[in-house]
Amino acid sequence: MPVRRALIRRPGLLLADGLVTHIDKQPVDLDRALSQWLSYAEALRCAGWETVEVPPADDCPDAVFIEDPVVVQGDLAILARSGAPERRGESAGVEATLRDLGYRIARIEEPGTLDGGDVLRVGGTAYVGLGGRTNGAGIQQLANHLREFGIRTQAVTVERALHLKSAVTALPDGTVIGWDPVVDWPGAFPAYEGMPEEGGAHVVILDPDHLLMAASAPQTADLLRGRGYRVTTVDISEFEKLEGCVTCLSVRLR
Ligand SMILES: CN(C)C(=N)NCCC[C@H](N)C(=O)O
């Protein structure tokens, strides 16, 4: 089986200063965050993913949410340009690590903005959230980069959540799952199903039959187990206080 790698980035000392947009600021316990992050990384490894640690970006409180500064497709790493200027310093370390791994580098250029958390790939389609972090120019540039892989890009308005993947992710069979109160356009997806909890909208596909989910969504985990999936759960409460979810803490390189 080819090597399956996932990028991760250890939380820095400024984590508690991370951005919050749709929820109130809450105190973050740094020790607990580190131990939750270590367990998350271990869950990836237990499922057969080799983890590659990007050096920490100590001046960037949100750097642990490594999904946002890059979109990787095949051998191409597209460095994003966040709509939150505070997050733009995260790219340099990600670029250096991906260059060392042999990736070609492209970038979203001004006036485009894009966060990886807005990019949901389902089969040959990349749904891209158009909202606070990602603009139309960013989506157009991403579409140009993904075209060589035969991937078509479709913009989806995101108004009630931080990122598209705060609201929806996809099961291995392509069904898009979400938490209805924050999904603006469920009809944008060929198959959509609402889940009973906010954290139930977020799955990381570890294997075609194995999902990683947050411990905050026990009803959804049971529901998906009932459908035949193996579900591993991890407690990521300290990251949820910063509007993070399971997808944001890694980038799977496939
Ligand atoms: C899918 N999601 C939610 C993400 N990819 N990223 C979460 C980033 C959270 C960070 N505090 C921020 O506000 O940028």
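Since the model is a prediction, treat every value here as computed from it, not as a measurement.

## Looking at the confidence of the model for the protein
Then, in step 1: Looking at the protein, pLDDT values average 97 and 100% of them are 70 or higher.
Then, in step 2: The ipTM assigned to the predicted complex is 0.99, against a pTM of 0.98.

## Comments concerning helix H5 (residues 218-226)
Then, in step 1: When we look at burial in H5, the residues that qualify are Thr220, Ala221 and Leu224. On an axial view of H5, the arc spanned by its buried residues comes to 100°, and they lie on one face. Every exposed residue of H5 that faces more than 90 degrees away from the buried side is listed here: Gln219 and Gly226.
Then, in step 2: Looking at the buried positions of H5, the neighbouring elements they touch are strand S13 (210-214) and strand S14 (230-234).
Then, in step 3: Taken from the residues just after H5, glycine 228 is the one with a positive phi, measuring 100°.

## Re the pairing of strand S8 (residues 152-157)
Then, in step 1: As paired elements, strand S7 (residues 125-130) and S8 share six bridges and run parallel to each other. Residue valine 128 lies in a different strand from S8, and its bridge partner there is alanine 155.
Then, in step 2: Each parallel crossover has a hand, and for S7 linked through helix H3 (residues 136-146) to S8 it is right-handed.

## Focus: unusual backbone geometry
Then, in step 1: The linkage connecting glutamate 110 with the following residue, proline 111, adopts the cis geometry, with an omega of 10°.
Then, in step 2: Within the secondary structure, proline 111 is located in the loop between strand S5 (104-107) and strand S6 (119-122).

## Observations concerning the sheet that holds strand S12 (residues 204-207)
Then, in step 1: Spatial strand order, S12-S13-S14: three strands in an open sheet with mixed pairing. The open sheet has two free edges, formed respectively by S12 and S14, since each of these has just one partner strand. The sheet shows a mean angle of 30° between the axes of neighbouring strands, taken without regard to direction.
Then, in step 2: Here three bridges tie S12 to S13, and the two strands are oriented antiparallel to one another. Among the inter-strand pairings, isoleucine 205 is bridged to a residue of S13, identified as leucine 211.
Then, in step 3: Along the sheet, helix H1 (residues 30-46) makes contact with S12, S13 and S14, crossing S14 at roughly 160°.

## Some remarks on the packing of aromatic side chains
Then, in step 1: Inspection of the entire model under this criterion finds two aromatic pairs.
Then, in step 2: Judged by centre distance (6.2 Å) and plane angle (90°), the rings of phenylalanine 65 and phenylalanine 239 are edge-to-face. In this pair, phenylalanine 65 is assigned in the loop between strand S2 (50-53) and strand S3 (70-73) and phenylalanine 239 in helix H6 (residues 237-240), connecting sequence segments 174 residues apart.
Then, in step 3: What makes phenylalanine 65 buried here is its relative accessible area of 3%.
Then, in step 4: Where tyrosine 127 meets phenylalanine 189, the ring centres are 5.0 Å apart and the plane angle is 70°; that geometry is what we call edge-to-face. One end of the pair, tyrosine 127, is in strand S7; the other, phenylalanine 189, is in the loop between strand S10 (176-178) and strand S11 (192-194), and 62 residues separate them in sequence. With respect to class, tyrosine 127 is no different from phenylalanine 189; both count as buried.

Analysis parameters
Sequence positions are assigned chain by chain, starting from 1 and proceeding in written order. Reporting in this predicted model follows two pLDDT cut-offs: at least 70 for local features of residues, and 80 or more for side-chain atom pairs to be given and counted; totals over whole chains, interfaces and linings ignore these cut-offs and use all residues. The side-chain values count all of the structure's non-hydrogen atoms but skip hydrogen atoms and water molecules. Residue-level confidence of the predictor is what pLDDT reports, using numbers from 0 through 100. Buried, partly exposed and exposed residues are distinguished by accessible area as a fraction of the type maximum, computed with a 1.4 Å probe on protein chains only: under 20%, between the cut-offs, and over 50%, respectively. Only DSSP runs of H or I with at least four residues qualify as helices, and only runs of E with at least two residues qualify as strands; both kinds are numbered from the N terminus onward. Of all possible arcs, the one meant is that of the directions from the helix axis to the C-beta atoms. Working rule for contacts: check all heavy atoms of both residues, and any pair within 4.5 Å makes them a contact. Think of it this way: DSSP has to see at least two bridges between two strands before they count as a pair. Convention used here: a crossover is right-handed provided that the path from the first strand, over the helix, to the second strand proceeds clockwise when the strands point away from the viewer. Geometry is summarised by axes, namely lines fitted to C-alpha atoms with helices restricted to the contacting stretch, and by angles between N-to-C directions that run from 0 to 180 degrees. Stacked, tilted and edge-to-face are the three classes assigned to paired rings of Phe, Tyr and Trp, where Trp is represented by its six-membered ring and a pair needs centres within 6.5 Å; plane angles under 30 degrees give stacked, over 60 edge-to-face, the rest tilted.

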